Amino acid sequence: MSRRVRKAVFPVAGMGTRFLPATKTMPKEMLPVVDKPLIQYAVEEAAAAGIDHFIFITGRGKHVLMSHFDHMPELEAMLEEKGKTDILDSLLGSMPPPGKVFATRQQQPLGLGHAVWCARAFVGDEPFAVLLPDDLVLSDKPCIGQLIDAYEATGGNVVAVEDVPRDRTNKYGILDVVTDDGRLARAKGLVEKPEPAVAPSTMAIIGRYVLDPGIFDLLENLPRGAGGEIQLTDAMNAQIADVPFHGLRYEGTRYDCGDKVGFQQANIAYALARPDMREAMKQVLRDFTKDL
């Protein structure tokens, strides 16, 4: 039987250059979708899936991100005094329990694989989840929870995947598939950002992973790969000989919030999903599109 996944790693050391100047002094993970920052959606997704330890891999200028998950006594007192209990409850409900949040620095920008490796002391010898806050998934069941369910059946490494247009395979890690039942595919290998002509499939990894802890030993000595970075894809590929590797076509819609258009799409989609905003947003969209 597979061990329970209790810990999640959030790589949040990136500079967010695609959103400059907005991210000059504000972490990109703090960009709001409707009224919550991206990192809060990721943490809430993990918590809803049963995760109870939250590990942030940070960099310079990320102190605001960590403060977001701490108490702010003056604000809380003001909300209570003014009777704004709904807002106060929402604010307090967003914070993980004491002693469950950990942070460490990724001191060099050496890629996702290196960021995950930085979490090794906190994860230990346990399977763990990785969530990239840039990928926001709107779904009835938490995306990472779907992966955890699949992991409990398969063990090994499980990643969230979606089929992409062939001319975009050079933007993703792509699976080399052995079997595929339409939802869960087993892979014999994966390739980081292959050109369309040589991509083994169009099944692309997005920012959700459940990983076997043996990945840390591989990341320890892994040479730099694409872009001069330590690639998580390369480590997972090297581990396939020892542990099974599966890609799960998750249920839900993914929004790439590392992209300006994707970020706007997410704001619209999440506003439309809110009962208190849906009708007003529909009218806004009608007003904006009537002359297009």
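Residues numbered from 1 in each chain as written. Predicted model: local features only at pLDDT ≥ 70, side-chain atom pairs only at ≥ 80, totals over all residues. Heavy atoms only, no water.

J.: Can you walk me through the side chain of Arg208 in this structure?
T.: Inspection of the secondary structure puts Arg208 in strand 11 (residues 203–211). Judged by its relative accessible area of 1%, Arg208 falls in the buried class. A distance of 3.1 Å separates the side chain of Arg208 from the backbone oxygen of Leu132, its partner in a polar contact. Polar contacts involving the side chain of Arg208 include one to the main-chain carbonyl oxygen of Asp135, which spans 2.7 Å. (Helix = DSSP H or I, 4+ residues; strand = E, 2+ residues; numbered from the N terminus. Buried < 20%, exposed > 50% of the residue type's maximum accessible area, 1.4 Å probe, protein only. Polar contact = N/O pair within 3.5 Å; in protein donor to acceptor, adjacent residues only side chain to side chain.)

J.: Can you walk me through the confidence of the model for the protein chain in this structure?
T.: Low pLDDT marks regions whose predicted coordinates should not be analysed in detail. When pLDDT is averaged along the protein chain, the result is 90; 98% of the residues meet or exceed 70. Of all the helices and strands in the protein chain, helix 4 (residues 85–93) carries the lowest mean pLDDT, 82, while strand 6 (residues 128–131) carries the highest, 97. (pLDDT = per-residue confidence, 0-100.)

J.: What is the right way to read the packing of helix 3 (residues 73–81) against helix 4 from this model?
T.: Orientation of helix 3 relative to helix 4, taken along the N-to-C sense of each, is 150°, at an axis distance of 8 Å. Regarding the angle of helix 3 to helix 4, the classification is roughly antiparallel. On helix 4, the residues touching Leu75, Glu76, Leu79 and Glu80 of helix 3 are Ile87, Leu88, Leu91 and Leu92. Of the residues that constitute the contact of helix 3 with helix 4, the class distribution is six nonpolar, no polar and two charged. (Axes fitted to C-alpha atoms, helices over the stretch in contact; angles between N-to-C directions. Parallel < 35°, antiparallel > 145°, perpendicular 65-115°, else oblique. Contact = heavy atoms within 4.5 Å. Nonpolar A, V, L, I, M, F, W, Y, C, P; charged D, E, K, R; others polar.)

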